[in-house]
Amino acid sequence: MKTITEKEAAALEVLKSTGSDVLEAALVAKEALGQCRGRVGRVRQCLALGREELRARERTVSFIGYAE
């Protein structure tokens, strides 16, 4: 039977603290690492850029469907 290390237990606690399902949070983290070439610093940069893009889109008013 394999026991988890202190570092692995700490990682689980971090995932639990998100309030999301632990498995879903781990899958999101894995996907982010894969999409951003596996470096934590690059993942953080990708997240920051994505956050900025979402804010910009939320401030943009769309006029599609209003033209008659």
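Above this text you will find the structure in question.
Residues numbered from 1 in each chain as written. Predicted model: local features only at pLDDT ≥ 70, side-chain atom pairs only at ≥ 80, totals over all residues. Heavy atoms only, no water.

Visitor: So, the overall build of the chain: which residues are in play, and what are the values?
Guide: What the chain contains, in helices and strands, is three helices and zero strands. Counting helices and strands in the order they occur from the N terminus, the chain gives α-α-α. Per-residue burial for the chain yields a buried fraction of 7% across its 68 residues. With an accessible surface of roughly 6500 Å², the chain has 58% of that area assigned to carbon and sulfur atoms. (Helix = DSSP H or I, 4+ residues; strand = E, 2+ residues; numbered from the N terminus. Buried < 20%, exposed > 50% of the residue type's maximum accessible area, 1.4 Å probe, protein only. Areas by Shrake-Rupley, 256 points an atom, 1.4 Å probe, with all protein chains shown as cover.)

Visitor: Please provide a residue-by-residue account of the packing of helix 1 (residues 6-16) against helix 2 (residues 22-35), values included.
Guide: How two helices sit against one another is set out by the angle between their axes and by the gap between those axes. Where helix 1 contacts helix 2, the axes come no closer than 9 Å and their chain directions differ by 100°. One way to sum up the angle between helix 1 and helix 2 is to call them roughly perpendicular. On helix 2, the residues that touch Leu12, Leu15 and Lys16 of helix 1 are Val22, Ala25 and Ala26. Of the residues belonging to the contact of helix 1 with helix 2, the class tally is five nonpolar, no polar and one charged. (Axes fitted to C-alpha atoms, helices over the stretch in contact; angles between N-to-C directions. Parallel < 35°, antiparallel > 145°, perpendicular 65-115°, else oblique. Contact = heavy atoms within 4.5 Å. Nonpolar A, V, L, I, M, F, W, Y, C, P; charged D, E, K, R; others polar.)

Visitor: Let's hear about the pattern of salt bridges: which residues, and what values?
Guide: Working definition: two side chains of opposite charge can pair if their charged atoms are close together. Counted by the stated rule, this structure contains three salt bridges. Salt-bridge contacts for Glu13 lead to Lys16; the nearest nitrogen and oxygen are separated by 3.5 Å. Of this pair, Glu13 and Lys16 both sit in helix 1, three residues apart, roughly one helical turn. Its salt-bridge partner being Glu53, residue Arg57 comes within 2.9 Å of it at the nearest N-O pair. Separated by four residues within a single helix, Arg57 and Glu53 lie in helix 3 (residues 40-59), roughly one turn from each other. Assessed through its relative accessible area of 59%, Arg57 is described here as exposed. The exposure class of Glu53 is partly exposed, given its relative accessible area of 40%. (Salt bridge = Lys/Arg side-chain N within 4 Å of Asp/Glu carboxyl O.)

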